[in-house]
Structures are given as C-alpha cells and as structure tokens.
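Close look at the chain arrangement
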Amino acid sequence: MKVFYLANTIYSPAGMERVLITKANLLAAQYGHEVTIVTNHQKGRPTFFPVDPKVRLVDLDVNTHLPWNMPRYLRRLEALIRAEQPDIVDSLCIDELPSLLKLKGLCKVLMAEFHFSHDTLLVKGQRRKLRALEQAVGGLDCFVVLTKEDREAWAPYCDRLEQIYNPADYVPGELAPLEAKRCISGGRFEKQKNYDDMVRVWKKVHARHPDWTLDLYGNGKKKARTEALIRREGLEGAVRVQPATPRFKDEMMASSMYLMTSLYEGFPMVLVETAAIGLPCVCTTCPCGPAEFIRDGVDGMLAAPGDIDGMADKICALIEQPELRRSMGLEINKKAADFTPDRILDQWDRLFRRLATSG
C-alpha cells in the first residue's frame, strides 16, 4: 500500500516529528508499505531522528506559513498525488487542512491526525482557526486523535473518528534506579511547555531540598527567557538548561522524576517513555493526556495547572520517600507494554488497510 504523510518539516527534535518518523520507519520496514513523507518547507535541513532508507522524503519547497503560498503548495501537492496515486494521504498539517479538502477524490483516502487536543486552540486564543478545523474534519475519510478525552471533544464534528495512542520510541526493559538527586524535563522552549511555572515550582523545591537539581532539555525561542528567569530566581546551578539530545533516554535513566507543567498537550509520548523505564512523573492535569495516563498517587502525581505550591509539595513527597518513588515507577512500568511500537503500529496497519479497502 502506498502511504503519503504530509508534514510541515521533520528537522525538529519535537515529539510529533519523532512519532511520525517512528511510524513511517516501521510501516515501511516491517509492514511493507511504500511510505513517503512529503514536507512543505524542509529546505534541505537534515532530520533530527534517523529515517529508514525505505522511507522516501519529498519536499515541495513552499512555506505554507505564508497564506499566499497555499495555492502554489496545493498545485504541487496535487501534481505529486496525480503522478503517484497513493492509497492513503495522511496529513499532520492542521493549519492547511481546510484547504486540503480541495484534493479529496484524488486518492482513495484523505485523512488527518491531530497531535494536540481540541482545546489547544482555545488555550491559544485561536477560536476562528478552531471553528474552521471543526468544519473541515467532517469532510475527511478519517480523523485520528490521540486520547479518549479528545475523541469525545471531536465527536460532534466528525463521525469518522479513530483514537490511537502514540507509540513509545523504546520498549520496556531496564528500569531507572531512581537514586540520582535529579529531576528532568524536556521539550521546546515555547509557551505551551510553561517552563516559567516549572522554574517557580523548583524554587520552592530548592528551598526544601537544595541538594537536588532540575535539568531542562530542549531548544526554542523562549530558551533565553527561561534562562533569565532562572537567574532572577537565584537558581543558577539548581536549574540547568541543556540542548536537545538524541540520547534523552540516557538522561532520563540518570534521573529520579520527570516533570511536566504544560498548558496543553495532545498525548505526550514522553509519558509512555518514562513508563518504559519506570520513571515516575509529576505533571499538571492539562488537556489532554496526563490525567488519562497517570493515576494520581498510584503511579505518578498530578497537580492542577498553575498550582505551584501543590506541585512542589508532590515533588518533595517523592524526594523524601524513595520507596514511594520506586513503587510508582514499578506501577507505571506495567502500562508500557500497551504502547510498544509493534502494538501501536498494528493498529495503524489495520486502520490503513480497512480504509483503503472501503475507500
């Protein structure tokens, strides 16, 4: 089966790019599909994550973030689809989804994936974009969301909904020893990740446990802002900003907790990856994902968004009770088997074959 994935770019170390490349690699190498990732503005930049040689990369060289470029992008994409006749065209380019509906009928299946949550655009104040997206998804052959919570939110707008979780990049195996006096977090330094709150949380943790440190891994336009806040709060050395790394698993293995203060998520793949190594998490109950994956007080800790004191208290509880850390790590590790790449990719393979047969 011939599958086209549409993506803006795949050079970033972000979670969505990692999930896309993981799926494309396995669908091509293990399931025998002809997979092409079609980007619109890669500009020759190398991918951060390795791409299997069986996966073809095509860039249309059009910056669709500039709205006047959309007609040119659609013409180039239409020409590619007409020339190669893919069975499945699966878009991750939500901003251009309403325009992509003009190409429906050129392939057996036109579908999309949403790697955030329905409320993401509300949190960002983009109600008009959300309304356009709500109207567009009803015209798709299939719309895939990440969580059960988000499926309920999209149900009024699309009757061809599927829910599939993200796969972990690695399978359950060796567990983190949870002995290091270190917490960790990762992601782009953007408003979504809300690192301002994380620094404020750590100031309270540091006052009680000055021998513990927090490492933040990632790149992004707000990185300098976070570093400035760390200095203002007097936390140099206690909170360390590190560049994104392809060896993030090794860094998590050398930590005792994962922290997340996001304003919104889709379904954070990192939660599944922490489960694979038995690393307990303390997260905000942002939409969507953390509260669907973590049972507060059983296999992790949850705090309300903006509850600085509450989150600091929960981190300190895990610092002060190493046996609680270990028991939560063992509990969360039990979930990891449900998110292995093979198990998740089986779902995608079945979905693609069903859609192509009925399309």
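No experiment lies behind these values; they were computed from the predicted model shown.

1. Quick notes on the overall build of the protein chain
Along its length, the protein chain carries 14 helices and 13 strands. Relative to the compact-globule value of 21 Å for 359 residues, the protein chain shows a C-alpha radius of gyration of 21 Å, a close match. Overall, the protein chain is about 65 × 40 × 40 Å in size when its C-alpha atoms are taken along their principal axes. Taking all 359 residues of the protein chain together, 56% fall into the buried category. The contacts in the protein chain between residues at least 6 apart in sequence include a share of 67% that link residues at least 24 apart.

2. Details of the sheet that holds strand S12 (residues 281-284)
Sheet architecture is open: 6 strands sit in the order S10-S9-S8-S11-S12-S13, paired in parallel fashion. At either margin of the open sheet sits one strand with a lone partner, and together these are strand S10 (239-242) and strand S13 (301-303). Between one strand axis and the next, the sheet turns by 20° as a mean value, whatever way the strands run. Pairing of strand S11 (residues 257-260) with S12 involves 3 bridges; the strand directions are parallel. Paired with Met-260 across the strands is Cys-283, a residue of S12. Strands strand S8 (182-186), strand S9 (213-217), S10 and S11 of the sheet are contacted by helix H7 (residues 195-208), whose axis makes an angle of about 170° with S9.

3. Describing the side chain of His-209
On the secondary structure map, His-209 appears in the loop between H7 and S9. Non-local contacts of His-209, meaning those with residues more than four positions away in its chain, are made with Cys-316, Ile-319 and Glu-320.

4. Describing helix H5 (residues 127-137)
Among all positions of H5, only Leu-130, Leu-133, Glu-134, Ala-136 and Val-137 are buried. On an axial view of H5, the arc spanned by its buried residues comes to 165°, and they lie on one face. In H5, those exposed residues whose orientation departs by more than 90 degrees from the buried face are Arg-128 and Gln-135. On its buried side, H5 packs onto helix H3 (97-100), helix H4 (120-123), strand S6 (142-145) and helix H6 (148-154).

5. A word on the sheet that holds strand S4 (residues 88-91)
Strand order in the open sheet formed by 7 strands is S3-S2-S1-S4-S5-S6-S7, and the pairing between neighbours is parallel. On the outer flanks of this sheet lie strand S3 (56-59) and strand S7 (161-163), each paired with one strand and no other. Taking each pair of neighbouring strands and ignoring which way they run, the sheet shows an average axis angle of 25°. Two elements, strand S2 (residues 34-39) and S3, share 4 bridges in a ladder whose sense is parallel.

6. As for the state of the cysteines
Summed over the entire model, instances satisfying the criterion amount to 0 disulfides. Cys-286 carries a free sulfur, and the closest cysteine sulfur to it, the one in Cys-283, is 7.8 Å from it. Of the residues examined, Cys-286 reaches a relative accessible area of 3% and is grouped as buried.

7. Here we look at the packing of H7 against helix H8 (residues 223-232)
Remark: H7 packs on H8, axes separated minimally by 10 Å, with the N-to-C direction vectors making an angle of 20°. With respect to H8, the element H7 is oriented roughly parallel. Where H7 crosses over H8, the two elements pack in a sense that is right-handed. Contact with H7, carried on its side by Tyr-195, Asp-196 and Val-199, involves Arg-225, Thr-226, Leu-229 and Ile-230 of H8 and no other residues of that element. Broken down by class, the residue content of the contact of H7 with H8 amounts to 4 nonpolar, 1 polar and 2 charged.

8. Section: the pattern of salt bridges
Tallied over the full model, the rule gives 30 salt bridges. Between Arg-240 and Asp-215 there is a salt bridge; the shortest N-O distance is 2.7 Å. Residue Arg-240 is located in strand S10, and its partner Asp-215 is located in strand S9; the two are separated by 25 residues in the primary sequence. Residue Asp-215 is classed as buried on the basis of its relative accessible area of 2%. Among the salt bridges present, the one from Asp-299 reaches Lys-335, with a minimum N-O distance of 2.9 Å.

9. Some thoughts on the packing of aromatic side chains
For the structure shown, the criterion picks out 16 aromatic pairs. Between Phe-114 and Trp-154, the ring centres sit 5.5 Å apart and the planes meet at 85°, which makes this aromatic pair edge-to-face. Placement of the pair is Phe-114 in the loop between strand S5 (109-113) and H4 and Trp-154 in helix H6, with a sequence separation of 40 residues. For the pair formed by Phe-114 and Trp-154, the shared burial category is buried.

10. What to know about the nonpolar core
Tyr-5, Met-111, Tyr-258, Phe-293 and Trp-348 are the most contacted members of the largest nonpolar core, which has 57 residues in total. Residue contributions to this core peak at 7 residues, all from helix H14 (residues 341-358). Met-111 has contacts with Ile-88, Val-89, Asp-90, Ser-91, Leu-140, Cys-142, Val-144, Trp-348, Leu-351, Phe-352 and Leu-355, leaving out every residue within four places of it along the chain. The next biggest cluster of nonpolar side chains, apart from the first, holds 34 residues, and it includes Val-38, Val-89, Ala-136 and Leu-161.

What counts, and where the lines are drawn
Per chain, residues are indexed from 1 in the order of the written sequence. Per-residue local features of the predicted model are confined to residues with pLDDT of at least 70, and side-chain atom pairs are confined, for both listing and counting, to 80 or more; whole-chain, interface and lining totals are unaffected and use all residues. Side-chain metrics rest on all non-hydrogen atoms present in the structure, leaving aside hydrogens and water. Numbering of helices and strands starts at the N terminus; helices are DSSP runs of H or I of at least 4 residues and strands are runs of E of at least 2. Note that the radius of gyration is over C-alpha atoms, with the globule rule given as 2.2 Å times the number of residues to the power 0.38. Only protein chains enter the accessibility calculation, which uses a 1.4 Å probe; a residue is then buried when its area is under 20% of its type maximum, exposed when over 50%, and partly exposed in between. Residue contacts are defined here by distance: any two heavy atoms, one from each residue, within 4.5 Å place the two residues in contact. Pairing between two strands requires that DSSP report at least two bridges joining them. Axes here mean lines fitted to C-alpha atoms, for a helix over just the part in contact, with angles spanning 0 to 180 degrees between N-to-C directions. Working note: the arc is built from the helix axis to C-beta atom directions. A pair of sulfur atoms, both from cysteines and within 2.5 Å, is called a disulfide here. Angles below 35 degrees are treated as roughly parallel, those above 145 as roughly antiparallel, those between 65 and 115 as roughly perpendicular, and all remaining angles as oblique. Note on convention: near helix rotated counterclockwise from far helix by under a right angle means a left-handed crossing. Clockwise means right-handed. Gly is put with the polar residues, along with every residue not named as nonpolar or charged; the nonpolar set is Ala, Val, Leu, Ile, Met, Phe, Trp, Tyr, Cys and Pro, and the charged set is Asp, Glu, Lys and Arg. In what follows, salt bridge is the name for a side-chain nitrogen of Lys or Arg lying within 4 Å of a carboxyl oxygen of Asp or Glu. Paired rings are identified among Phe, Tyr and Trp, the last through its six-membered ring, by centres lying within 6.5 Å, and are further divided according to the angle between planes into stacked (under 30 degrees), edge-to-face (over 60) and tilted (the rest). To qualify as a nonpolar core, a set must consist of buried Ala, Val, Leu, Ile, Met, Phe, Trp, Tyr and Cys residues joined through side-chain atoms within 4.5 Å.

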